[in-house]
Amino acid sequence: MKMSGGVEWGLHCCVVLSGAGAPVTAAKLAELHDVSQSYLAKQLQLLSRAGLVRSALGQSGGYVLTRAATEITVLDVVEAIDGVQPAFRCTEVRQRGPMAVPAERCDTPCPIARTMDSADRVWRESLRRVTIADLVDDVNRTTPPETLAGAREWLRA
(Lines give C-alpha, C1' and ligand atoms only; values in the text may rest on other atoms or scores of the structure.)
Protein backbone atom coordinates (compact mmCIF):
# COMPACT_ATOMS: atom_id res chain seq x y z
CA MET A 1 0.00 0.00 0.00
CA LYS A 2 1.30 3.42 -0.85
CA MET A 3 0.32 6.34 1.36
CA SER A 4 1.01 10.02 0.91
CA GLY A 5 3.55 11.82 3.05
CA GLY A 6 0.63 13.69 4.58
CA VAL A 7 -0.33 10.55 6.50
CA GLU A 8 3.00 10.55 8.32
CA TRP A 9 2.71 14.24 9.19
CA GLY A 10 -0.92 13.82 10.25
CA LEU A 11 0.00 10.96 12.57
CA HIS A 12 2.91 12.92 14.07
CA CYS A 13 0.62 15.89 14.69
CA CYS A 14 -1.99 13.72 16.40
CA VAL A 15 0.68 12.20 18.64
CA VAL A 16 1.94 15.67 19.60
CA LEU A 17 -1.55 17.08 20.13
CA SER A 18 -2.51 14.15 22.36
CA GLY A 19 -0.01 15.24 25.00
CA ALA A 20 0.26 18.96 24.40
CA GLY A 21 -2.16 19.98 27.14
CA ALA A 22 -3.14 23.12 25.20
CA PRO A 23 -3.89 24.06 21.60
CA VAL A 24 -0.85 24.04 19.28
CA THR A 25 -0.69 26.32 16.25
CA ALA A 26 -0.04 24.99 12.77
CA ALA A 27 3.09 27.15 12.69
CA LYS A 28 4.42 25.54 15.88
CA LEU A 29 3.64 22.02 14.60
CA ALA A 30 5.33 22.81 11.28
CA GLU A 31 8.42 24.16 13.02
CA LEU A 32 8.58 21.17 15.37
CA HIS A 33 8.50 18.76 12.43
CA ASP A 34 10.59 20.95 10.09
CA VAL A 35 7.96 20.90 7.37
CA SER A 36 6.35 23.68 5.35
CA GLN A 37 3.56 25.40 7.26
CA SER A 38 1.34 25.58 4.17
CA TYR A 39 1.80 21.85 3.52
CA LEU A 40 1.06 20.93 7.12
CA ALA A 41 -1.95 23.28 7.20
CA LYS A 42 -3.49 21.25 4.36
CA GLN A 43 -3.08 18.03 6.34
CA LEU A 44 -4.57 19.66 9.44
CA GLN A 45 -7.54 20.84 7.35
CA LEU A 46 -8.13 17.27 6.20
CA LEU A 47 -7.93 16.02 9.78
CA SER A 48 -10.36 18.77 10.80
CA ARG A 49 -12.84 17.88 8.02
CA ALA A 50 -12.74 14.29 9.24
CA GLY A 51 -13.55 15.46 12.78
CA LEU A 52 -10.24 14.31 14.29
CA VAL A 53 -8.90 17.75 15.21
CA ARG A 54 -10.45 21.18 15.57
CA SER A 55 -8.98 24.62 15.66
CA ALA A 56 -9.41 26.67 18.78
CA LEU A 57 -9.65 30.40 18.15
CA GLY A 58 -8.18 33.22 20.18
CA GLN A 59 -4.82 34.36 21.42
CA SER A 60 -3.93 30.91 22.73
CA GLY A 61 -5.56 29.19 19.77
CA GLY A 62 -4.33 26.29 17.72
CA TYR A 63 -5.27 22.69 17.09
CA VAL A 64 -6.56 20.10 19.55
CA LEU A 65 -7.78 16.53 19.18
CA THR A 66 -11.57 16.21 19.19
CA ARG A 67 -11.53 12.87 21.01
CA ALA A 68 -9.29 10.99 23.37
CA ALA A 69 -6.20 9.49 21.75
CA THR A 70 -7.61 6.06 22.63
CA GLU A 71 -10.56 6.76 20.33
CA ILE A 72 -8.63 7.81 17.20
CA THR A 73 -7.11 5.03 15.13
CA VAL A 74 -4.28 5.10 12.64
CA LEU A 75 -6.87 4.12 10.03
CA ASP A 76 -8.91 7.21 10.92
CA VAL A 77 -5.90 9.39 10.09
CA VAL A 78 -5.02 7.46 6.92
CA GLU A 79 -8.58 7.78 5.61
CA ALA A 80 -8.78 11.45 6.59
CA ILE A 81 -5.64 12.27 4.62
CA ASP A 82 -5.70 9.78 1.72
CA GLY A 83 -9.41 8.94 1.50
CA VAL A 84 -11.36 5.75 1.98
CA GLN A 85 -11.04 4.28 -1.50
CA PRO A 86 -9.36 0.87 -1.76
CA ALA A 87 -5.75 0.73 -2.92
CA PHE A 88 -6.67 -1.56 -5.83
CA ARG A 89 -9.39 -0.96 -8.36
CA CYS A 90 -10.25 -3.82 -10.72
CA THR A 91 -10.59 -2.74 -14.34
CA GLU A 92 -11.83 -6.16 -15.55
CA VAL A 93 -8.75 -6.91 -17.66
CA ARG A 94 -10.19 -10.38 -18.29
CA GLN A 95 -12.88 -8.76 -20.49
CA ARG A 96 -10.31 -7.26 -22.88
CA GLY A 97 -8.14 -8.40 -25.74
CA PRO A 98 -8.51 -11.27 -28.19
CA MET A 99 -9.41 -13.80 -25.47
CA ALA A 100 -11.89 -11.53 -23.66
CA VAL A 101 -14.39 -13.22 -21.39
CA PRO A 102 -17.92 -11.91 -22.02
CA ALA A 103 -19.20 -9.64 -19.24
CA GLU A 104 -22.15 -11.95 -18.54
CA ARG A 105 -19.68 -14.74 -17.69
CA CYS A 106 -17.85 -12.53 -15.17
CA ASP A 107 -20.38 -12.85 -12.39
CA THR A 108 -17.79 -13.08 -9.58
CA PRO A 109 -14.65 -11.05 -8.93
CA CYS A 110 -11.53 -12.49 -10.53
CA PRO A 111 -8.87 -14.11 -8.32
CA ILE A 112 -6.65 -11.03 -8.60
CA ALA A 113 -9.41 -8.68 -7.42
CA ARG A 114 -10.34 -11.06 -4.60
CA THR A 115 -6.72 -11.28 -3.45
CA MET A 116 -6.22 -7.53 -3.56
CA ASP A 117 -9.53 -6.85 -1.77
CA SER A 118 -8.57 -9.33 0.94
CA ALA A 119 -5.17 -7.68 1.38
CA ASP A 120 -6.82 -4.28 1.62
CA ARG A 121 -9.24 -5.51 4.31
CA VAL A 122 -6.40 -7.04 6.36
CA TRP A 123 -4.29 -3.87 6.02
CA ARG A 124 -7.18 -1.64 7.12
CA GLU A 125 -8.04 -3.90 10.03
CA SER A 126 -4.44 -3.81 11.27
CA LEU A 127 -4.46 0.01 11.15
CA ARG A 128 -7.86 0.07 12.88
CA ARG A 129 -6.38 -1.84 15.84
CA VAL A 130 -3.71 0.80 16.55
CA THR A 131 -4.74 4.03 18.25
CA ILE A 132 -2.96 7.33 18.65
CA ALA A 133 -2.62 6.40 22.34
CA ASP A 134 -0.77 3.22 21.28
CA LEU A 135 1.61 5.33 19.19
CA VAL A 136 2.13 7.73 22.11
CA ASP A 137 2.97 4.80 24.39
CA ASP A 138 5.48 3.53 21.85
CA VAL A 139 7.04 6.98 21.43
CA ASN A 140 7.32 7.30 25.21
CA ARG A 141 9.01 3.88 25.44
CA THR A 142 11.47 4.46 22.61
CA THR A 143 12.40 8.15 22.93
CA PRO A 144 14.97 9.34 25.46
CA PRO A 145 13.24 11.06 28.41
CA GLU A 146 15.28 14.24 27.95
CA THR A 147 14.07 14.51 24.35
CA LEU A 148 10.44 14.14 25.43
CA ALA A 149 10.89 16.70 28.21
CA GLY A 150 12.58 19.08 25.77
CA ALA A 151 9.75 18.73 23.26
CA ARG A 152 7.10 19.41 25.94
CA GLU A 153 9.01 22.48 27.12
CA TRP A 154 9.48 23.70 23.54
CA LEU A 155 5.76 23.38 22.85
CA ARG A 156 4.92 25.49 25.92
CA ALA A 157 7.34 28.27 24.92
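Calculation rules
- Residues numbered from 1 in each chain as written.
- Predicted model: local features only at pLDDT ≥ 70, side-chain atom pairs only at ≥ 80, totals over all residues.
- Heavy atoms only, no water.
- Helix = DSSP H or I, 4+ residues; strand = E, 2+ residues; numbered from the N terminus.
- Rg over C-alpha atoms; globule rule 2.2 N^0.38 Å.
- Buried < 20%, exposed > 50% of the residue type's maximum accessible area, 1.4 Å probe, protein only.
- Contact = heavy atoms within 4.5 Å.
- Areas by Shrake-Rupley, 256 points an atom, 1.4 Å probe, with all protein chains shown as cover.
- Lys, Arg positive; Asp, Glu negative; His and termini not counted.
- Charge placed at Lys NZ, Arg CZ, Asp CG, Glu CD.
- Phe/Tyr/Trp six-rings, centres within 6.5 Å; stacked < 30°, edge-to-face > 60°.
- Lys NZ or Arg CZ within 6 Å of the ring centre and 35° of its normal.
- 1 Å grid on protein atoms, 1.4 Å probe; cavity = no way out; pocket = protein on both sides within 12 Å on 5 of 7 lines; lining within 4 Å.
- Points joined across faces, edges and corners; volume = space filled by probe spheres on them.
- Salt bridge = Lys/Arg side-chain N within 4 Å of Asp/Glu carboxyl O.
- Pairing = 2+ DSSP bridges.
- Axes fitted to C-alpha atoms, helices over the stretch in contact; angles between N-to-C directions.
- Parallel < 35°, antiparallel > 145°, perpendicular 65-115°, else oblique.
- Nonpolar A, V, L, I, M, F, W, Y, C, P; charged D, E, K, R; others polar.
- Polar contact = N/O pair within 3.5 Å; in protein donor to acceptor, adjacent residues only side chain to side chain.

- Looking at an unreviewed UniProt entry, one finds the protein chain named Transcriptional regulator, with Microbispora amethystogenes as its source organism.

1. Notes on the overall build of the protein chain
Stage number 1. When you go through the protein chain residue by residue, the secondary structure sums to seven helices and two strands.
Stage number 2. Along the chain direction, N to C, the helices and strands of the protein chain fall in the order α-α-α-β-β-α-α-α-α.
Stage number 3. Taken over the C-alpha trace, the protein chain has a radius of gyration of 20 Å; the compact-globule value for 157 residues is 15 Å, which it surpasses by more than 25%.
Stage number 4. C-alpha extents for the protein chain along the principal axes are approximately 70 × 30 × 25 Å.
Stage number 5. Burial statistics for the protein chain: of 157 residues in total, 32% are counted as buried.
Stage number 6. Long-range contacts, defined as pairs at least 24 residues apart, comprise 66% of the intrachain contacts of the protein chain with a sequence gap of at least 6.
Stage number 7. Carbon together with sulfur atoms contributes 55% to the accessible area of the protein chain, which is approximately 9,800 Å² in total.
Stage number 8. The centroid of the 18 positive side-chain charges in the protein chain is displaced by 5 Å from the centroid of its 18 negative side-chain charges.

2. Examining the packing of aromatic side chains
Stage number 1. Counted by the stated rule, this structure contains zero aromatic pairs.
Stage number 2. A cation sits over an aromatic face here: Lys28 above Trp154, 4.2 Å from the ring centre.

3. Some remarks on the layout of surface pockets
Over the atoms a probe the size of a water molecule is rolled, and this reveals where empty space is left.
Stage number 1. Put simply, the largest pocket is a space of about 520 Å³.
Stage number 2. As for the largest pocket, its lining consists of 21 residues, of which Val15, Val16, Val139, Leu148 and Ala151 are closest to the centre.
Stage number 3. Counting residues per element, the ones that place at least two in the lining of the largest pocket are α1 (5-20), α2 (26-33), α6 (132-142) and α7 (145-156).
Stage number 4. It is α1 that provides the largest number of residues to the lining of the largest pocket, a total of seven residues.

4. Things to note about the pattern of salt bridges
Stage number 1. Tallied over the entire structure, the rule returns eight salt bridges.
Stage number 2. The residue Asp76 makes a salt bridge to Arg67 at a minimum N-O spacing of 3.5 Å.
Stage number 3. Across the pair Asp120 and Arg124 runs a salt bridge whose closest N-O atoms are separated by 2.8 Å. Of this pair, Asp120 and Arg124 both sit in helix α5 (residues 111-128), separated by four residues, roughly a single helical turn.
Stage number 4. Looking at Asp120, the relative accessible area reads 9%, which means it is buried.
Stage number 5. Assessed through its relative accessible area of 10%, Arg124 is described here as buried.
Stage number 6. Where salt bridges share partners, they join Glu79, Asp120 and Arg124 into one cluster.

5. With respect to the pairing of strand β2 (residues 62-65)
Stage number 1. Where strand β1 (residues 53-56) and β2 come together, four bridges link them in antiparallel fashion. The partner of Ala56 across the bridge, within β2, is Gly62.
Stage number 2. Hairpin connection, β1 to β2: the antiparallel pair is bridged by five residues, and Gly58 has positive phi, about 110°.

6. Side note on the packing of α1 against helix α3 (residues 37-49)
Stage number 1. Relative to each other, α1 and α3 sit at 75°, their axes nearing to 10 Å. Between α1 and α3, the interaxial angle falls into the category roughly perpendicular. Contacts between α1 and α3 pair Gly5, Gly6, Trp9, Gly10, Cys13 and Cys14 from the former with Tyr39, Leu40, Gln43, Leu44 and Leu47 from the latter.
Stage number 2. Class assignment of the residues belonging to the contact of α1 with α3 gives a composition of seven nonpolar, four polar and no charged.

7. Remarks on the side chain of Thr131
Stage number 1. Tracing the sequence through the fold places Thr131 in the loop between α5 and α6.
Stage number 2. A polar side-chain atom of Thr131 sits 3.3 Å from the main-chain amide nitrogen of Ala133.
Stage number 3. Not counting chain neighbours up to four residues away, the residues in contact with Thr131 comprise Ala69, Thr70, Ile72 and Thr73.

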